[in-house]
Amino acid sequence: MKKGQIGEGTVTKTDFPNKGIIYTQEGEKIIIKNGIPGQKIRFSVNKKRKGKCEGRLLEVLEKSPLELDEAACTHFGSCGGCTYQNLAYSQQLALKEEQIRDLLLPAVQGADLQWFEGIKPSPVQSAYRNKMEFSFGDEYKDGPLALGLHKRGSFYDIVTVSGCKIAGSDYNRILQASLAYFSEKNVSYFKKNSHEGYLRHLLVRKAAKTGEILIVLVTTGQSCGAQPEPELLEGFRDMLLHLDLSGTIAGILHTRNDSVADAVKNEGTQILYGQDYFYEELLGMRFKITAFSFFQTNSLGAEVLYETVREFIGSLENGKDSIVYDLYSGTGTIAQMMAPAAGKVIGVEIIDEAVQAARENAKLNGLSNCEFISGDVQKVLEAGAIGERPDFIILDPPREGVHPKALRRILDFGVERIVYVSCKPTSLVRDLEVMQESGYRVERGCCVDMFPGVYHVETVVLIQRKDT
């Protein structure tokens, strides 16, 4: 096939990350994003290089036998947020497990995948998210104000997701009320081309256990229209406080962001009501979360993930004398889960705000054996900034995985066990190859589904030194 050519075919399987595979009658392999096994689709070839074809899904001609008669969410197909709302949850789990198993099998030396323990489901499959970032815009050029998520395949268009299934009812009420308020006030949104306009994002966070809600309106510093900004923001605050919500609003914030990038950035925040943080609880511990700090977006799923990490590490030899490194520690949740069984847990994280939150949370939970260091993992290890050598190491790196130089430093410690938590299994596969070449073997592994309705999945692997 040639670039620009239109074709039809049936998706035979789906590789991670959600890449449907089609074979033409001539045996040519075509990769189509968002294809479901068994679908007959029409596609266009948009890239061909070195014999590899990639195409774009144009139309589903025949549904897959795996698909539901109706997608669980009314926004599915137009909204780019979810990919698997057209599948029963059992089918979602099976598809994710197959993708990760097929990815890991070739990467693990001498493996028959008996070590791979499948996928653990999320305790909740809908309304599970504790954080939503909504964007202001329009659904089509020069259309009315919209507030929601990006349309599938579009950088500009926004779908008002007032019935979003992965967010709870409070999120949808806040979204609808905010959209109605700013539409009535005739307030402009920030346009990506001209860089003009006021409204940018609405960030909503809600704790699953405490029910506390934090709401952040992100705008530019430009004019908000005819009404003075203080009056506009005061009205916004009062409107939110009068909503009938199941949770309790802990804080309402206004954040400025004049950067060109389409991302939620904090260039100055004022508190309109309450406080600039809220509390969540995980496995009996309490965590203070600020507006922009990282925290797993599925609180109940995070409990499954962290219990899996503790299980994989197992009982710590020498218990209270053991030193555990939690590298890429974020706000220190994993470190604090391990603290009661260890002599000391040392976390390293490059984002200073997350480090400060980790220290506060350790104090909040009465943990005196946690230390958190601010800095790049590679540089901290190269500088020998940590006095104590580790007995065990936990890795929870960003999507790109562990930097090769940092990985070499980590392996030089020669610890008995390493637990690797990965949000991008292709990066995990690359790092596993290096670890196995350095005297380690894969002992156990599984997936934890933190993202029902979406193709993403967390993968947890226990790596053991071969001579133990």
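Look a little higher up for the structure.
Reading the values: rules and limits
Residues numbered from 1 in each chain as written. Predicted model: local features only at pLDDT ≥ 70, side-chain atom pairs only at ≥ 80, totals over all residues. Heavy atoms only, no water. Helix = DSSP H or I, 4+ residues; strand = E, 2+ residues; numbered from the N terminus. Rg over C-alpha atoms; globule rule 2.2 N^0.38 Å. Buried < 20%, exposed > 50% of the residue type's maximum accessible area, 1.4 Å probe, protein only. Contact = heavy atoms within 4.5 Å. Areas by Shrake-Rupley, 256 points an atom, 1.4 Å probe, with all protein chains shown as cover. Pairing = 2+ DSSP bridges. Axes fitted to C-alpha atoms, helices over the stretch in contact; angles between N-to-C directions. Core = buried A, V, L, I, M, F, W, Y, C linked by side-chain atoms within 4.5 Å. Expected span 1.5 Å × (residues − 1). Salt bridge = Lys/Arg side-chain N within 4 Å of Asp/Glu carboxyl O.

K.L.:
Explanation requested: the overall build of the protein chain in the structure shown.
P.N.:
Scanning the protein chain from terminus to terminus reveals nine helices and 23 strands. Since a compact globule built from 468 residues should have a radius of gyration of about 23 Å, the 24 Å found for the protein chain is in line with a globular shape. Seen through its C-alpha atoms, the protein chain measures out along the principal axes to roughly 70 × 65 × 35 Å. The 468 residues of the protein chain split such that 53% are buried. Excluding contacts between residues fewer than 6 apart, the proportion of contacts in the protein chain whose partners are at least 24 apart in sequence is 63%. Here the protein chain has roughly 20,400 Å² of accessible surface; of this, 48% comes from carbon and sulfur atoms.

K.L.:
Would you mind showing me how to read the pairing of strand E9 (residues 145-150) here?
P.N.:
Side-chain direction in a regular strand flips from residue to residue, so the side chains alternate between the two faces of the sheet. For E9, the tally of buried residues reaches five of six residues, placing the bulk of the element in the interior. The pairing of strand E8 (residues 131-138) with E9 spans four bridges and is classified as antiparallel. Across the sheet, the residue bridging to Gly 137 is Ala 146, located in E9. In this antiparallel pair of consecutive strands, E8 and E9, the connection spans six residues, and Asp 142 shows a positive phi of 65°. As defined by bridge partners, E9 adjoins strand E10 (residues 158-159) across two bridges and the pair is classed as antiparallel. Among the inter-strand pairings, His 150 is bridged to a residue of E10, identified as Ile 158.

K.L.:
How do you make sense of the sheet that holds strand E2 (residues 13-15) when you look at a structure like this?
P.N.:
The pairing of strands in a sheet comes from backbone hydrogen bonds and takes either a parallel or an antiparallel form. On the basis of which strands lie adjacent, the open sheet formed by six strands has the order E1-E5-E6-E4-E3-E2 and mixed pairing. Looking at strand neighbours, the two that pair on one side only are strand E1 (6-10) and E2, the edges of this open sheet. For this sheet, the mean angle separating the axes of adjacent strands, direction not counted, is 40°. Here five bridges tie E1 to strand E5 (residues 40-49), and the two strands are oriented antiparallel to one another. Following the sheet pairing, Ile 6 is matched in E5 by Ser 44.

K.L.:
Which parts of the structure should I look at to understand the nonpolar core?
P.N.:
Generally speaking, soluble globular proteins have nonpolar side chains that are buried together. In this structure, Phe 134, Phe 136, Phe 182, Leu 199, Leu 202 and Phe 236 are the most contacted members of the largest nonpolar core, which totals 87 residues. Excluding its chain neighbours within four sequence positions, the residues that come into contact with Phe 136 are Leu 145, Ala 146, Leu 147, Ile 158, Phe 182, Tyr 189, Leu 199, Arg 200, His 201, Leu 202 and Leu 217. If you look at the next biggest cluster of nonpolar residues, it comprises 48 residues, including Trp 115, Ile 386, Leu 407 and Tyr 420.

K.L.:
Help me understand helix H9 (residues 425-437), please; the structure alone is not making it clear to me.
P.N.:
Side chains three or four residues apart in an α-helix point the same way, a direct result of the helix having 3.6 residues per turn. Along its 13 residues, H9 runs 18 Å from first to last C-alpha, staying within 8% of the 18 Å computed at 1.5 Å per residue. Of all the positions in H9, only Pro 425, Ser 427, Leu 428, Val 429, Asp 431, Leu 432, Met 435 and Gln 436 are classed as buried. Contacts from the buried residues of H9 go to helix H1 (89-104), strand E20 (392-395), helix H8 (404-412), strand E21 (417-422), strand E22 (440-448) and strand E23 (458-465).

K.L.:
In this structure, what is going on with the pattern of salt bridges? I would like to understand it.
P.N.:
Two side chains of opposite charge can pair, provided their charged atoms sit close to one another. Under the counting rule described, the total for this entry stands at 27 salt bridges. Close ionic contact of Lys 206 with Asp 170 constitutes a salt bridge, the shortest N to O distance being 2.9 Å. Separated by 36 residues along the polypeptide, Lys 206 in strand E11 (residues 199-206) and Asp 170 in helix H2 (residues 169-184) bring together distant segments of the chain. Just as Lys 206 is buried, Asp 170 falls in that class too. Note that Glu 303 is salt-bridged to Lys 209, the shortest N-O span being 2.8 Å. Separated by 94 residues along the polypeptide, Glu 303 in helix H4 (residues 299-313) and Lys 209 in the loop between E11 and strand E12 (212-219) bring together distant segments of the chain. Salt bridges here are not isolated pairs; linked through shared partners, they connect Glu 117, Lys 120, Glu 311 and Arg 444.

K.L.:
Sorry, what's going on with the environment of Gly 20 here?
P.N.:
If you trace the backbone, Gly 20 turns up in strand E3 (residues 19-23). Gly 20 sits 31 residues away from Gly 51 along the chain, and the two C-alpha atoms are 17 Å apart. The contact partners of Gly 20, leaving out residues within four places of it in the chain, are Val 11, Lys 13, Thr 14, Ile 30, Ile 31, Ile 32 and Gly 35.

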